[in-house]
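# Residue-level structural notes
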Amino acid sequence: MTPNTLAPVALSKHGPRLSPIVAGAWRMAEWGMSIPQRMRWIEQCLDLGITSFDHADIYGNYSVETLFGEALAAQPSLRSRLQIITKCGIKLVSERRPGHAIKSYDTSRAYVVASVEASLRALRTDHLDLLLIHRPDALMDPDELAGTFSALRRDGKVLHFGVSNHSPSQLSLLHRRLPLATNQIELSPLQLNALTDGTLDQCIDLGLRPMIWSPLAGGSLFKADDDRARRVRAVLQALGRQYEVSMSTVAYAWIVRHPSNPLPITGSQRPEALLEAVAAFGVRMSAEDWYRVWEASAGQPVR
Ligand SMILES: NC(=O)c1ccc[n+]([C@@H]2O[C@H](COP(=O)([O-])OP(=O)(O)OC[C@H]3O[C@@H](n4cnc5c(N)ncnc54)[C@H](OP(=O)(O)O)[C@@H]3O)[C@@H](O)[C@H]2O)c1
């Protein structure tokens, strides 16, 4: 690994420049870190070249943005060294959002603007680098939402926009009205859907790099005890011995080998786990080895 392996990359032609590995903050509330420990975690990421941080308003029952914002407020110089991605659109039933009667989606102008304002306050920042619509909203009015995005950009509150967990047609609906920067989707050696459902094809076609959540299947890669997980683990471990890296690094190398040039989002607070993700850029996986992992996961050889 050389110091410039994690040089920032453009997410799309007009999109933000992010680090090729993104740090996920979803689990931060479980980490139980003090403010100095959160500052240290952010600095450890930055030292590794991981400068982009993935959030959502709902993470930790609407608490994680505040935890991160407290660290930024304690050391304001951090903000200019990192990029903040957050998401909105899912309404959880929560004591922190007493107005939500049932879990639902909302992409109306009033809701998205209020959600962005709340995220800015919680994160103690004056702008978001990238805002994603978290899940497809069946009631989304694409003209209204594109107008909302334009207004947020004009006001300097959000610099770039994208979606998450959207099908190709759902992404196109918005992208035709306002250029999006990414589709944040799930992909791992235990989750192959994106390889065949058209989402990754569309990213290549439109020149959008996908962001990848749960690249280690949320930890199931190590812990799950079913036949499929055991098969995949055996192949990842064998390839780890071959490439002289850890099983995690092989999983990340398998993801970044895809021609859509995905940006995996890590989910760990451990510095060693972040380093294992970064190390993937030192592995050039052969196509045959990539298909060995695919075959173990699919449970059948390619036809
Ligand atoms: N857009 C969406 O809908 C969506 C959905 C889910 C997640 N996300 C984003 O994606 C990020 C990553 O998701 P994720 O947390 O599921 O990622 P992940 O990397 O697939 O899973 C992380 C989990 O795996 C465990 N783990 C890592 N290495 C391990 C090892 N060697 N042995 C055993 N366990 C290990 C971690 O525990 P340790 O902390 O102990 O290492 C952690 O609990 C989230 O933070 C969030 O930002 C987005």
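Above this text is the structure in question.
Residues numbered from 1 in each chain as written. Predicted model: local features only at pLDDT ≥ 70, side-chain atom pairs only at ≥ 80, totals over all residues. Heavy atoms only, no water.

### Some points on the overall build of the protein chain
This is how the line gets drawn: Here a strand is any run of E in DSSP of at least two residues, a helix any run of H or I of at least four, and the numbering for each starts at the N terminus. For the radius of gyration, the atom set is restricted to C-alpha positions; the globular benchmark scales as 2.2 Å times the number of residues to the power 0.38. Residue burial is assigned from relative accessible area. The probe radius is 1.4 Å, only protein chains are included, and a residue is buried under 20% of its type maximum, exposed over 50%, and partly exposed in between. Working convention for charge: Lys and Arg count positive, Asp and Glu count negative, and His plus the chain ends are omitted. To locate a charge, take NZ of a lysine, CZ of an arginine, CG of an aspartate or CD of a glutamate.
Looking only at helices and strands, one finds 14 helices and twelve strands in the protein chain. Rg of the C-alpha trace for the protein chain: 19 Å, near the compact-globule value of 19 Å for 303 residues, within the 12% margin. Considering only C-alpha atoms, the protein chain reaches an extent of 50 × 45 × 35 Å along its principal axes. Taken across its 303 residues, the protein chain has 55% of its residues classed as buried. In the protein chain, 33 positive and 30 negative side-chain charges are present, and the distance between their average locations comes to 1 Å.

### Some remarks on helix α5 (residues 109-123)
Put simply, the rule is: Expected span of a helix, by definition, is 1.5 Å for each gap between consecutive residues, and there is one gap fewer than residues. The arc refers to the directions leading from the helix axis to the C-beta atoms. Two residues qualify as a contact provided that any one of their heavy atoms is within 4.5 Å of a heavy atom in the partner residue.
Compared with the 21 Å implied by 1.5 Å per residue over 15 residues, the 21 Å span of α5 between its first and last C-alpha is a close match. Among the residues making up α5, those that are buried are Tyr111, Val112, Ser115, Val116, Ser119, Leu120, Ala122 and Leu123. All buried residues of α5 fall inside an arc of 165° around its axis, so they share one side. α5 presents Ala110 and Arg121 as exposed residues on the side facing more than 90 degrees away from its buried surface. Check the buried side of α5 and you find it contacts α4 (64-74), β5 (83-88), β6 (90-91), β8 (130-133) and α6 (142-154). Directly beyond the C-terminal end of α5, a positive phi value near 55° is found at Arg124.

### Quick word on the pattern of salt bridges
Definition in use: By definition here, a salt bridge exists when the distance from a side-chain nitrogen of Lys or Arg to a carboxyl oxygen of Asp or Glu is within 4 Å.
Scanning all chains against the criterion turns up twelve salt bridges. Where Arg79 meets Asp129, a salt bridge forms, and the shortest distance between an N and an O atom there is 2.9 Å. In this pair, Arg79 sits in the loop between α4 and β5 while Asp129 sits in the loop between α5 and β8, placing the two residues 50 residues apart along the sequence. With respect to class, Arg79 is no different from Asp129; both count as buried. Among the ionic pairs, Arg154 bridges to Asp155, the shortest N-O distance being 3.3 Å.

### Things to note about the sheet that holds strand β4 (residues 52-54)
We count it as follows: The pairing criterion for strands is at least two bridges between them, as found by DSSP. Every axis corresponds to a line fitted to the C-alpha atoms, with the helix fit spanning only the stretch in contact, and the corresponding angles, defined between N-to-C directions, vary from 0 to 180 degrees.
Around the barrel, eight strands lie side by side as β3-β4-β5-β8-β9-β10-β11-β12; this closed barrel has parallel pairing. Pairs of neighbouring strands in the sheet enclose a mean axial angle of 30°, with direction left out of account. Note that β5 and β8 share four bridges and pair parallel. In the sheet register, Ile85 faces β8, and the bridge partner there is Leu130.

### Observations concerning the nonpolar core
Definition in use: The term nonpolar core refers to a set of buried residues drawn from Ala, Val, Leu, Ile, Met, Phe, Trp, Tyr and Cys, joined through side-chain atoms within 4.5 Å.
Core analysis: the largest hydrophobic core is formed by 82 residues, its most contacted members being Trp41, Phe68 and Leu131. Ranked by the residues each element gives to this core, the list is headed by helix α12 (residues 247-256), at seven residues. For Phe68, the residues in contact, after removing those within four places along its chain, are Met28, Trp41, Ile42, Phe53, His55, Leu82, Ile84 and Leu123. Ranked by size, the runner-up nonpolar core spans eleven residues in total, among them Val9, Leu18, Val22 and Ile85.

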